[in-house]
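# Observations on the model geometry
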Amino acid sequence: RLIPRARSKGASLVVISNRLPDAPASSAGESERARNVGGLVSGLGPALSARNGVWLGWSGGRHADAHDLAIDASSSPVRASFDFRPEWHARFYNGFANRSLWPIFHGFAGRARYDESEWNAYVEVNDVFARQASKLASQAGTVWAHDYHLLLVGAALRRLGHQGPIGLFVHIPFPPIDLFETIPWARELIEGMLAFDLVGFHTRRYASNFVRCAQELAIGAARTERGVRAAGREVRVGVFPLGIDATPFEAPDEASGDEMSELQAALRGRRLVLGVDRLDYSKGIVERLEAFGRMLELFPEWRGRVSMLQVAVPSRADVPEYAEQRKAIETLVGRINGLHGEAHWVPVRYVYRSYGRAQLAALYRAADVGFITPLRDGMNLVAKEYVAAQDPANPGALVLSRFAGAADELAGAVLTNPHDREGMARDLARALDMPLDERVQRHAPMIARVRASTPEVWASELLGALEAAR
Ligand code: ADQ
C-alpha cells in the first residue's frame with residue numbers, strides 16, 4: 001500500500017542504507033535471501049516501530065528519470081525507496097563504492113581504482129539520499145546512516161538544515177592512514193564524515209584508524225577523549241560490535257532435520273569442514289581452498305576422511321573483479337579435486353547459491369570445523385552464526401581469521417593468518433584433531449558472548465549514544 005508522502009513526513013527516526021532490507025518472507029521468499037540483512041532488521045525493527053520510523057534505501061530498480069519516493073506503509077518497518085538512474089548504479093554503486101572504497105577500506109590497495117566521474121556520482125547520490133531523508137524526517141528527528149555508501153550523507157543533511165542527531169555506522173573496516181590517504185578525495189571524505197554527531201565501528205582498531213585519519217587530514221581537527229573536535233564541534237567516535245539473534249540458529253527446526261540427514265548420508269561418516277561467504281575477494285576463499293589442499297598434503301592421514309563444503313552467495317556479479325574471482329574459485333576447486341580426489345571421495349564440494357536460515361543452521365550444525373578466513377572483514381557474522389548453531393555438549397571447532405572483526409570477541413576460536421597457507425593448513429588440522437573437552441571449553445565463552453550481544457542491544461546502545469551526543 002503506497003501512502004501520500006505528506007502522511008509519512010515527520011518521522012522521529014529515519015534509517016538509511018544503500019539497499020533496503022529484504023521484504024518480509026511473505027513477499028520475498030526464503031530462497032531470495034541473497035542480500036541477507038536479517039541482523040540489521042531484527043536490531044533496528046523494534047526501534048523503528050516504537051518510534052513510527054522509516055527505513056530509506058534504493059529500491060533496486062534503475063530508471064532514467066523517475067526517482068520519486070515510494071513508501072510502503074504496510075511493511076514493518078515502514079519502507080521508503082527510490083530508483084537509481086542507470087549511471088548512478090554504474091558510477092556510484094559499482095563504481096566508487098565497490099571499486100574504490102570497498103577495496104581500499106579492506107586493504108587491497110592494488111585493486112582500488114579511482115575515476116573522477118565516479119567520485120562525482122558518489123557526491124551526487126549522497127545528496128539524493130540526504131534530500132529523500134529530509135523529506136521523511138522531522139526537523140529534530142534522528143537519522144542513522146549505514147555503511148561506506150553513505151559517508152557524505154551527514155554533511156549533505158546538515159547543508160539542508162537538518163537539526164536532529166545524525167549518525168553513521170560503518171560495517172566494514174576503516175583503513176590505516178597510509179592506505180586512506182591514497183584516496184584522491186581523502187580529505188573531502190574525512191571532513192564529510194566529521195559532520196555526523198556519532199560515527200560507530202565494529203572494533204577499536206577501526207575507530208582509532210578513523211581518529212588518526214581525521215587528525216592528519218582534516219583541517220584543524222584534534223582528538224578528544226570521546227572522538228574528534230573539528231570546525232567548532234565534536235564528533236563522537238564509538239565501538240559498537242554488531243551481534244546476531246542466536247535463537248533461530250540454536251533451535252533446529254523440523255525442515256532442517258531432513259536436510260541434516262541427507263547431508264550426513266552424503267558424508268558417509270567423513271568429517272565436514274565448512275566455509276560460507278558472499279563471493280568476494282575479501283573473504284579469502286581462494287586462499288582457504290589452497291590451505292585445505294595443502295592440509296591434505298601435509299597430513300595425508302586426513303585423505304578420504306574429510307570433505308570441505310564451500311558455500312558462496314552470488315554478489316556484485318556485474319563488477320569484473322567478482323566475475324574473475326568466481327572463475328578463480330571454480331578453477332581451483334576443479335584442480336584440488338583432480339589432484340587429491342578418488343573415485344569414491346570428493347575433497348571439495350562447492351555451491352554458488354544462497355540458502356535460507358534453517359538450511360544454513362543445519363549446515364553449520366553438521367560441520368566439524370567452521371573454516372572462516374577472510375583476508376579482512378569488518379565483523380563477519382557467519383562466525384557468530386556458526387558458534388550459535390553448535391551443540392554445546394559436542395561443538396565443532398572454529399578456525400577464524402585474525403583479520404575479521406569477530407576475532408576480537410571470539411577468543412575461543414583457533415585464530416589463523418589467511419596469508420600463511422602452511423600455517424592455515426596446520427591450524428585446520430589442529431581443529432580437526434581437537435579433543436572434545438577442549439572444544440567444549442573453547443565454545444562456552446563464545447556462545448555466552450554471542451547470546452548476550454544481540455542486534456537489539458547494539459541498536460539501542462548506538463541510538464542512545466547518538467542522541468546523547470547531539
Ligand atoms: P557481509 O560481508 O555480507 O557483511 P557477514 O557479516 O558474514 O558478511 O554477513 C553475511 C550474512 O549473509 C550472514 O548473516 C549470513 O548468514 C548470510 N549468508 C551468507 N551466506 C549465505 C547463503 N549461502 N545463503 C543465505 N545467507 C547467507 C558486511 C561486512 C561484515 C559485517 C556485516 C554486518 O562485510 O564484516 O559483519 O556487514 O555489519
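Owing to the predicted nature of the structure, the values given are computational and were not obtained by experimental measurement. (Residues numbered from 1 in each chain as written. Predicted model: local features only at pLDDT ≥ 70, side-chain atom pairs only at ≥ 80, totals over all residues.)

### Description of the overall build of the protein chain
- Helix and strand counts for the protein chain come out as 18 helices and 16 strands.
- Relative to the globule expectation of 23 Å for 470 residues, the C-alpha radius of gyration of the protein chain, 23 Å, shows essentially globular dimensions.
- Each of the 470 residues in the protein chain was classed as buried or not, and the buried ones make up 48%.
- If you take every contact in the protein chain between residues at least 6 apart in sequence, the share linking residues at least 24 apart comes to 75%. (Helix = DSSP H or I, 4+ residues; strand = E, 2+ residues; numbered from the N terminus. Rg over C-alpha atoms; globule rule 2.2 N^0.38 Å. Buried ≥ 20, exposed ≤ 12 C-beta atoms within 10 Å, placed from the backbone. Contact = placed C-beta atoms within 7 Å.)

### Focus: the site of the ligand
- Around the ligand there are 21 residues in total, and His-171, Ser-354, Gly-378, Met-379 and Leu-381 lie nearest to it.
- Among the secondary structure elements, those contributing two or more residues to the shell around the ligand are helix H3 (38-50), strand S11 (271-278), strand S12 (306-313) and helix H15 (381-389).
- For the shell around the ligand, the leading source of residues is H15, giving 3 residues.
- The residue inventory of the shell around the ligand, partitioned by class, reads 10 nonpolar, 7 polar and 4 charged. (Near = placed C-beta within 6 Å. Nonpolar A, V, L, I, M, F, W, Y, C, P; charged D, E, K, R; others polar.)

### Structural notes on the sheet that holds strand S15 (residues 397-401)
- The strand order across the open sheet built from 6 strands is S13-S12-S11-S14-S15-S16, with neighbouring strands paired in parallel fashion. Only two strands of the sheet have a single partner each, and these edge strands are strand S13 (348-352) and strand S16 (414-416). Sheet twist, expressed as the average angle between the axes of neighbouring strands with direction ignored, equals 20 degrees.
- Of the pairings in the sheet, the one linking strand S14 (residues 369-372) to S15 comprises 4 bridges and is parallel in character. Its bridge partner being in S15, Phe-371 is matched across the sheet by Val-399.
- Set on the sheet, helix H13 (residues 320-340) makes contact with S12 and S13; between it and S13 the angle comes to about 160 degrees.
- Helix-sheet contacts for helix H14 (residues 357-366) involve S11, S12 and S14, and the interaxial angle to S11 is about 140 degrees. (Pairing = 2+ DSSP bridges. Axes fitted to C-alpha atoms, helices over the stretch in contact; angles between N-to-C directions.)

### So, the environment of Leu-263
- Mapped onto the fold, Leu-263 is located in helix H11 (residues 254-267).
- According to the C-beta neighbour criterion, Leu-263 is partly exposed, with 18 such atoms within 10 Å.
- Between the alpha carbons of Leu-263 and Lys-384 there is a distance of 22 Å; along the sequence they are 121 residues apart.

### A short note on the nonpolar core
- Counting residues in hydrophobic clusters, the biggest one holds 144 residues, and the most contacted among them are Val-14 and Leu-428.
- Residue contributions to this core peak at 9 residues, all from helix H4 (residues 86-105).
- Apart from residues no more than four positions distant in its own chain, Val-14 is found in contact with Gly-53, Val-54, Leu-56, Ala-133, Leu-136, Ala-137, Gly-141 and Val-143. (Core = buried A, V, L, I, M, F, W, Y, C linked by C-beta atoms within 7 Å.)

### A look at the packing of H4 against helix H5 (residues 116-136)
- Here H4 crosses H5 at 105 degrees, and the two axes come no closer than 8 Å. One element, H4, and the other, H5, form an angle in the roughly perpendicular class. From H4, Glu-87, Trp-88, Arg-91, Phe-92, Gly-95, Phe-96, Ala-97 and Ser-100 reach across to H5, where they touch Ser-117, Glu-118, Trp-119, Ala-121, Tyr-122 and Val-125.
- Split into classes, the residues belonging to the contact of H4 with H5 amount to 8 nonpolar, 3 polar and 3 charged. (Parallel < 35°, antiparallel > 145°, perpendicular 65-115°, else oblique.)

### Let's talk about the sheet that holds strand S10 (residues 233-239)
- With mixed pairing, 10 strands are arranged side by side in an open sheet as S3-S4-S2-S1-S5-S6-S7-S10-S9-S8. Each edge of the sheet is formed by a strand with only one pairing partner; in this case those strands are strand S3 (70-72) and strand S8 (222-223).
- In this structure, S3 lies alongside strand S4 (residues 78-84), joined through 3 bridges in antiparallel fashion. Its bridge partner being in S4, Ile-71 is matched across the sheet by Ala-80.
- On the sheet, helix H9 (residues 204-217) packs against strand S7 (198-201), S8, strand S9 (227-230) and S10 and is oriented at approximately 155 degrees with respect to S10.

### Description of the packing of helix H12 (residues 285-298) against helix H16 (residues 421-433)
- Closest axis-to-axis distance for the H12/H16 pair is 8 Å, and the angle between their directions is 65 degrees. Taken as axis vectors, H12 and H16 run roughly perpendicular relative to one another. Handedness of the H12/H16 crossing: right-handed. For the pair formed by H12 and H16, the contact residues are Glu-287, Glu-290, Ala-291, Phe-292, Arg-294, Met-295 and Leu-298 on the first element and Arg-421, Glu-422, Met-424, Ala-425, Leu-428 and Ala-429 on the second.
- Here the contact of H12 with H16 is composed, by residue class, of 8 nonpolar, no polar and 5 charged. (Left-handed = near helix turned anticlockwise from the far one by under 90°.)

### Thoughts on the pairing of strand S6 (residues 166-169)
- Residue alternation in S6 divides its side chains into two sets, Ile-166 and Leu-168 and Gly-167 and Phe-169, and both sets are buried.
- Note: strand S5 (residues 137-146) against S6, 4 bridges, orientation parallel. Across the sheet, residue Val-143 finds its bridge partner in S6, namely Ile-166.
- Sheet topology note: the S6/S7 ladder contains 3 bridges and is parallel. Residue pairing in the sheet places Leu-168 in a bridge with Val-199 of S7.

### Some details on the confidence of the model for the protein chain
- In the predicted model, the protein chain carries a mean pLDDT of 92, and 93% of its residues have values of at least 70.
- The ipTM assigned to the predicted complex is 0.97, against a pTM of 0.94. (pLDDT = per-residue confidence, 0-100.)

### Examining the environment of Val-54
- Among the structural elements, Val-54 can be located in strand S2 (residues 54-62).
- Spatially, the C-alpha atoms of Val-54 and Thr-203 are 28 Å apart, while their sequence positions differ by 149 residues.

### Some words on unusual backbone geometry
- With omega at 0 degrees, the peptide bond leading from Ser-76 into Pro-77 counts as cis.
- Mapped onto the elements, Pro-77 comes out in the loop between S3 and S4.
- Positive phi values are uncommon outside glycine, yet Asn-52 reaches one of about 55 degrees.
- With respect to the element layout, Asn-52 can be found in the loop between H3 and S2.
- Here Asn-52 falls in the partly exposed class, since 13 other C-beta atoms lie within 10 Å of it.
- A positive phi is found at Asn-380, a non-glycine position, where the angle reads about 90 degrees.
- Mapped onto the secondary structure, Asn-380 falls in the loop between S14 and H15.

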